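Summary of the model geometry
Below are the chains, spelled out letter by letter.
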Amino acid sequence: MNNKTVITQFLLMGLPIPPEHQHLFYALFLAMYLTTVLGNLLIIILVRLDSHLHTPMYLFLSNLSFADLCFSSVTMPKLLQNMQSQEPSIPYAGCLTQIFFFLLFGYLGNFILVAMAYDRYVAICFPLQYTRIMSPKLCTCLVLLFWILTSSHAMMHTLLAARLSFCENNVILNFFCDLFALLKLACSETYVNELMIFIMGGFVVITPFILIVISYASIIYSILKVPSTQGIYKVFSTCGSHLSVVTLFYGTVIGLYLCPSGNNSTVKENTMAMMYTVVTPMLNPFIYSLRNRDMKRALIRVIYSKKISL
Ligand SMILES: *[C@@H]1O[C@H](CO)[C@@H](O)[C@H](O)[C@H]1NC(C)=O
């Protein structure tokens, strides 16, 4: 307790990039971040402008794009700034802010994937009742509920982390303020924090995952009951892109937490963190839009109508 000092900032010793490759990686990350911002913005704007896309599926997609956009904006601008500076630091308050928004938007995207899976389940298993079940009121309530759940969850972890005290060591071995990395540095008791991560983690990670699995299992079951090439084609065309996003998201998370880490665990953790903070949010818009006829048509309609109005 004697050597307790007040830490005002943390050093982010993230990506072990050799100095001669700094510029290359800087350009790469900048390009990836810009792609993420533009791709997701395009989806949000298209869904807003084109009334054909005012359906639950595309409104949820637009929400997912918003969450992805914010999620990568929590870490990427700071990473880009730190790559340019001699001392890659982040103030104490900035670190807690980063933790809050990282948890908020990360889990928000996670919950929206559940809403999208449920939407596909209703569309395929109850096509006649679809508009009645997926009413605008239900969609708004779901989105509101997700915001309340994820922001209170993020707030709880942030407040618990704010209680910790830190000693000399202020070096975070990651490129952003990761909750786990912060707990490792604390020199006060982190038992409560870890217990809450364990309990709430089960709720906010496993519950959405199980709900998604149940939705898709029901879809597959209802298709197999009346097998037809048309039905199978329908499932693949409507759920294929969604399933690839879910696989990408949970694949990296499961890879991160379940695979045994060797002695080079920091490098592995950083690479995985790179995957879900940069690559997944960047790929989502492409997975959804490039293969999607509705999105392409909406883009053409929006451009065309703007031309006419000009
Ligand atoms: C998110 O979804 C809700 C409910 O469907 C919708 O009203 C809202 O416009 C969506 N938000 C965005 C940014 O698309």
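This section reports on the structure supplied with the text. (Residues numbered from 1 in each chain as written. Predicted model: local features only at pLDDT ≥ 70, side-chain atom pairs only at ≥ 80, totals over all residues. Heavy atoms only, no water.)

**Examining the pairing of strand β1 (residues 9-12)**
As defined by bridge partners, β1 adjoins strand β2 (residues 89-91) across three bridges and the pair is classed as antiparallel. Bridge assignment links Leu 11 to a residue of β2, and that residue is Ser 89. Relative to strand β3 (residues 171-172), β1 is paired through two bridges, and the arrangement is parallel. What sits directly across from Leu 11, in β3, is Val 171. (Pairing = 2+ DSSP bridges. Helix = DSSP H or I, 4+ residues; strand = E, 2+ residues; numbered from the N terminus.)

**Section: empty space enclosed by the protein**
Counted according to the given criterion, the structure contains one cavity of 30 Å³ or more. Taken as a whole, the largest cavity holds about 30 Å³ of empty space. Looking at the largest cavity, the residues that line it are Asn 40, Ile 43, Leu 61, Leu 64, Ser 65, Asp 68, Asn 284, Pro 285 and Tyr 288. Listed by contribution, the elements that provide at least two residues to the lining of the largest cavity are α1 (22-49), α2 (56-84) and α9 (265-289). Per-element accounting of the lining of the largest cavity gives the leading share, four residues, to α2. Grouping the constituent residues of the lining of the largest cavity by class yields five nonpolar, three polar and one charged. (1 Å grid on protein atoms, 1.4 Å probe; cavity = no way out; pocket = protein on both sides within 12 Å on 5 of 7 lines; lining within 4 Å. Points joined across faces, edges and corners; volume = space filled by probe spheres on them. Nonpolar A, V, L, I, M, F, W, Y, C, P; charged D, E, K, R; others polar.)

**So, the sheet that holds β2**
Here we have three strands laid out as an open sheet, ordered β2-β1-β3, and mixed in their pairing. The open sheet has two edge strands with one neighbour each: β2 and β3. Contacts from helix α3 (residues 92-125) reach β1, β2 and β3, with the element oriented near 85° to β2. (Contact = heavy atoms within 4.5 Å. Axes fitted to C-alpha atoms, helices over the stretch in contact; angles between N-to-C directions.)

**Topic: a nonpolar patch on the surface**
On the surface, a nonpolar cluster with roughly 570 Å² of combined accessible area is contributed by Ile 206, Phe 209, Ile 210, Leu 211, Val 213, Ile 214 and Ile 254. Per-element accounting of the nonpolar patch gives the leading share, six residues, to helix α7 (residues 191-225). Relative to the assigned elements, Ile 210 resides in helix α7. The class of Ile 210 is partly exposed, set by a relative accessible area of 43%. (Patch = residues over 30% accessible without salt bridge, like charges linked within 9 Å, V, L, I, M, F, W, Y side chains within 5 Å. Areas by Shrake-Rupley, 256 points an atom, 1.4 Å probe, with all protein chains shown as cover. Salt bridge = Lys/Arg side-chain N within 4 Å of Asp/Glu carboxyl O. Buried < 20%, exposed > 50% of the residue type's maximum accessible area, 1.4 Å probe, protein only.)

**Considerations on the state of the cysteines**
Throughout the structure, instances matching the rule amount to two disulfides. Note on cysteine connectivity: Cys 95 is disulfide-linked to Cys 177, with sulfurs 1.9 Å apart. Judged by the torsion about the S-S bond (-110°), the Cys 95/Cys 177 disulfide is left-handed. Here the residue Cys 95 occupies a position in helix α3, and Cys 177 occupies one in the loop between β3 and α6 (179-185), the gap between them amounting to 82 residues. An identical accessibility class is assigned to Cys 95 and Cys 177; each is buried. There is a disulfide in this structure between Cys 167 and Cys 187, and the S-S distance comes to 1.9 Å. Between Cys 167 and Cys 187, the S-S dihedral sits near 95°, and the bridge is therefore right-handed. Here Cys 187 lies in the loop between α6 and α7 and Cys 167 lies in the loop between α5 (136-162) and β3, a separation of 20 residues in the sequence. Residue classification places Cys 187 among the partly exposed residues on the basis of a relative accessible area of 38%. Across the protein chain, the way the bonded cysteines pair up, counted in sequence order, is 1-3, 2-4. (Disulfide = S-S within 2.5 Å.)

**A short note on the site of the ligand**
The environment of the ligand is formed by Arg 48, Leu 59, Ser 62, Asn 63, Cys 139, Thr 140 and Val 143. For the ligand, an oxygen atom lies 3.3 Å from a polar atom in the side chain of Arg 48. One nitrogen or oxygen atom from the side chain of Asn 63 is found 2.3 Å from an oxygen atom belonging to the ligand. Protein coverage of the free-state accessible area of the ligand, which is 360 Å², stands at 74%. Its residues placed into classes, the shell around the ligand shows three nonpolar, three polar and one charged. (Near = heavy atom within 4 Å. Polar contact = N/O pair within 3.5 Å; in protein donor to acceptor, adjacent residues only side chain to side chain.)

**Here's the deal with the packing of α3 against α5**
One way to put it is that α3 packs onto α5 with a least axis distance of 8 Å and a crossing angle of 150°. Considered as vectors, α3 and α5 are oriented roughly antiparallel to each other. The crossing of α3 and α5 is right-handed. (Parallel < 35°, antiparallel > 145°, perpendicular 65-115°, else oblique. Left-handed = near helix turned anticlockwise from the far one by under 90°.)

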